[in-house]
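Structure assessment
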Amino acid sequence: MHPDFHVSENILILPMLFSCMAQTADIFSNIGKKGKNKSEDGGDDGDTGSVRSQTFVSLLSQFGLTAIGFLSTIYFTRVVDPSIVGVYFLFFSYSALFYLFSESGIGESSVKLISEGKERNEYYTASMTLRTIYLILCVGLLFVSAVIFPNSTIMETGIFWWIIAALIIDYFYNSRIYAAYADGKVNAFQVSLFLNTAVRSLFQIAIVYLGYHLFGLTGGFLVGMICAAVFAHRYNQLKLVKFSKEHFKRILTYAVLIFLVMSCYLIYQNIDVVMIGQFMTETEAGIYRIVYQFSMLAGLAATSVKAVLYPKFSAWNEAKDIENITAGLRNGTSLSLMLAIPIFFSFLILGYDFISLFYGDAYVSGVTALFLLSFIQIITVFMYLQSICLNAISHPKLAFISIAAGIAANVILNIILIPMYGMEGAAAATVIAMILNSLLAYLFLRKVIPVSYNWKSIGKMVIASLIMCAFLLGFKYVLPITNVILLLIAFTVGGLLYGLIMLKADKSIHDEVSGMAETFGIKWPKWL
């Protein structure tokens, strides 16, 4: 069938889909806002309810983003010419470099300072001013580079004006979603992120189907941000007011420090691939990147918990509520590990099946690295949450020192281990570096606030995961996994078994999950 066939019907469907998604987004962004409950001692239980609802929505958003990105990427690689996909990813990469300071620097610093609750509008206006200056500098730099380097890749591929448009749209997009985030509307923030990815993917798939491949890919990137910005703007209650030099100076200082920390995270995610490409071949680098991305499934809960707790930590720090910060870190770590630990153990049993059935036999050489990389996600839970806690309680320098030490160790160990052990050496180097990073962050944080973890609950997660592994081994013995359906059945049933064991064996996990269900008005079954 010709791609232009039924064009009018396909285009008419898009507005209806976007409208439907916006209405669904509204529902999720308002979850948990029925009012604050009173605890038995007469205190306000609103924070607990909001944290639970926001964590749940954040988890849904993360899983949705992962699924949409995974499926749309498969579609594009099968339909679009690799050269066009390459141009799109070039556009994506250049845009991401410019966004780094806008998102990780200005965005995170505005969340930190606005969520403290004092002079919120002044800090909001100062952050918008800094964004404006940054936008002008970026656009000016691009025009100057276009004059000096007229034959550069950006000019020859025709993505120059697309990057300019992306920077301007990002100015509005990031300012809107981070304003909602800083104002405590974490649900609206998470739904905006999901809406961006969902609209982008739907637009891209629809326009690519109609035959406009490059326009569909790059245009979808912009349309997604526009829709998400419009949605998030509806939740913005901050106003532009007059601000002082101190407001601007504080925003800029935190923006630079947090930018350095977040840049280190980016280096962590890419340094192994770069060094494998240096010491080995592009093939091994590609395999390692694929299994690394797959291992990040175990870290989804930590990402969700971080999104919820970061502004909470900042507000509690301003109120000198150290007890809530300690409890939030402890509970957030347990919740994150509840997903990371069983996924690590399940990959030990099903890792080969996942890689071979999802990506093909060409990638099975990365299975051993997958085992180590999924274990890294467990360590990352501690490193990640401790570091964002340091950022939120006004110690970003300490967070930067700990992660910079980890990166230095990672580079040195990569140089030693990759030539000897290849991909496994790179993964082992990251394990050691991440342990060092987590240990330093823990020692720094312990000097500032009391730090404690629920090791008894973590031990139960390990035992429940081992029981799940025994089931998975039995499943594979009775029904050898030869297709994706059997693989997903084994993984799902094993996960349900693990969850049931944890609900029965750990009262703290049971109370947290049941409390989350009650927050959404779901009646908790008596047998659980």
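As shown above, the structure is provided for reference.
Residues numbered from 1 in each chain as written. Predicted model: local features only at pLDDT ≥ 70, side-chain atom pairs only at ≥ 80, totals over all residues. Heavy atoms only, no water.

This next bit is on the packing of helix α10 (residues 282-295) against helix α13 (residues 367-392). Think of two packed helices as two axes; the pair is described by the angle between the axes and how far apart they sit. Running from amino to carboxyl end, α10 crosses α13 at an angle of 40°, the nearest separation of the two axes being 9 Å. By the angle between their directions, the pair α10 and α13 is classed as oblique. Note on packing geometry: the crossing formed by α10 with α13 is right-handed. Between α10 and α13, the contacting residues are Y288, V291, Y292, F294 and S295 on the first element and A369, L370, L373, S374 and Q377 on the second. Residue composition of the contact of α10 with α13, by class: seven nonpolar, three polar and no charged. (Axes fitted to C-alpha atoms, helices over the stretch in contact; angles between N-to-C directions. Helix = DSSP H or I, 4+ residues; strand = E, 2+ residues; numbered from the N terminus. Parallel < 35°, antiparallel > 145°, perpendicular 65-115°, else oblique. Left-handed = near helix turned anticlockwise from the far one by under 90°. Contact = heavy atoms within 4.5 Å. Nonpolar A, V, L, I, M, F, W, Y, C, P; charged D, E, K, R; others polar.)

On the surface, a nonpolar cluster with roughly 620 Å² of combined accessible area is contributed by F279, I412, I415, I416, M420 and Y421. Ranked by residue count, the leading element in the nonpolar patch is helix α14 (residues 396-421), at five residues. Relative to the assigned elements, F279 resides in helix α9 (residues 245-279). (Patch = residues over 30% accessible without salt bridge, like charges linked within 9 Å, V, L, I, M, F, W, Y side chains within 5 Å. Areas by Shrake-Rupley, 256 points an atom, 1.4 Å probe, with all protein chains shown as cover. Salt bridge = Lys/Arg side-chain N within 4 Å of Asp/Glu carboxyl O.)

Moving on, we come to the pattern of salt bridges. Within this structure, the stated rule accounts for seven salt bridges. Its salt-bridge partner being E116, residue R250 comes within 3.4 Å of it at the nearest N-O pair. In this pair, R250 is assigned in helix α9 and E116 in the loop between α3 (82-114) and α4 (120-148), connecting sequence segments 134 residues apart. Given a relative accessible area of 8%, E116 falls into the buried group. Ionic pairing is found between D183 and R120, a salt bridge with its closest N-O pair at 1.9 Å. Taken together, the residues D183 in the loop between α6 (160-182) and α7 (186-209) and R120 in helix α4 connect sequence positions 63 residues apart. The buried category is assigned to D183, whose relative accessible area is 16%. Through salt bridges with shared partners, a single network forms among K112, E116 and R250. (Buried < 20%, exposed > 50% of the residue type's maximum accessible area, 1.4 Å probe, protein only.)

Its identity as a non-glycine residue notwithstanding, K320 has a phi of 60°, on the positive side. Structurally, the position occupied by K320 is in the loop between α11 (300-318) and α12 (322-359). Its identity is not glycine, yet S394 carries a phi of approximately 75°, on the positive side. Here S394 is to be found in the loop between α13 and α14. When its relative accessible area of 27% is taken as the criterion, S394 is described as partly exposed.

With that out of the way, let us pick up the packing of aromatic side chains. The description of two aromatic rings rests on the distance between their centres and on the angle between their planes. Under the definition given, this model contains 24 aromatic pairs. Residues F143 and F160 carry aromatic rings whose centres are separated by 5.4 Å and whose planes lie at 75° to one another, so their mutual orientation is edge-to-face. With F143 in helix α4 and F160 in helix α6, this residue pair connects regions lying 17 residues apart in the sequence. Residue F143 is classed as partly exposed on the basis of its relative accessible area, which comes to 36%. (Phe/Tyr/Trp six-rings, centres within 6.5 Å; stacked < 30°, edge-to-face > 60°.)

Within the fold, S314 resides in helix α11. For S314, a relative accessible area of 0% gives the class buried. From its side chain, S314 meets the backbone oxygen of K112 in a polar contact 2.6 Å long. (Polar contact = N/O pair within 3.5 Å; in protein donor to acceptor, adjacent residues only side chain to side chain.)

Along an α-helix, residues three or four positions apart point the same way, because every turn accommodates 3.6 residues. The end-to-end C-alpha separation of α14 is 35 Å, in line with the 38 Å expected for 26 residues at 1.5 Å each. For α14, the principal kink sits at N414 and spans about 35°. Considered for burial, the residues of α14 that qualify are P396, A399, S402, I403, G406, I407, A409, N410, L413, N414, L417 and I418. Contacts from the buried residues of α14 go to α9, α13 and α15 (423-446). (Expected span 1.5 Å × (residues − 1). Bend = angle between axes of the 7 residues up to and from the residue.)

Our next topic: empty space enclosed by the protein. For the structure on display, the rule yields two cavities of 30 Å³ or more. As a volume, the largest cavity reaches approximately 70 Å³. Forming the walls of the largest cavity are S102, R131, Y134, L135, C138, L167, D170 and Y171. Taken together, the elements giving at least two residues each to the lining of the largest cavity come down to α4 and α6. The greatest single-element share of the lining of the largest cavity, amounting to four residues, is contributed by α4. (1 Å grid on protein atoms, 1.4 Å probe; cavity = no way out; pocket = protein on both sides within 12 Å on 5 of 7 lines; lining within 4 Å. Points joined across faces, edges and corners; volume = space filled by probe spheres on them.)

Glancing now at the nonpolar core. Nonpolar side chains in soluble globular proteins tend to end up buried together. Core analysis: the biggest nonpolar cluster contains 141 residues, and L167, Y288 and F313 have the highest contact counts within it. The next biggest cluster of nonpolar side chains, apart from the first, holds seven residues, and it includes A180, L195, V199 and F231. (Core = buried A, V, L, I, M, F, W, Y, C linked by side-chain atoms within 4.5 Å.)

What follows is about the environment of I159. Inspection of the secondary structure assignment puts I159 in the loop between α5 (153-156) and α6. Take I159: its relative accessible area is 1%, and that puts it in the buried class. Separated by 72 residues in sequence, I159 and V87 have C-alpha atoms that sit 7.9 Å apart. Once residues within four sequence positions are removed from consideration, I159 is found in contact with V87, L90, F91, Y94 and I154.

Residue position: S387 is located in helix α13. On the basis of relative accessibility, which here comes to 1%, the residue S387 falls in the buried class. For S387, the residues in contact, after removing those within four places along its chain, are Y265, A399, S402 and A441.

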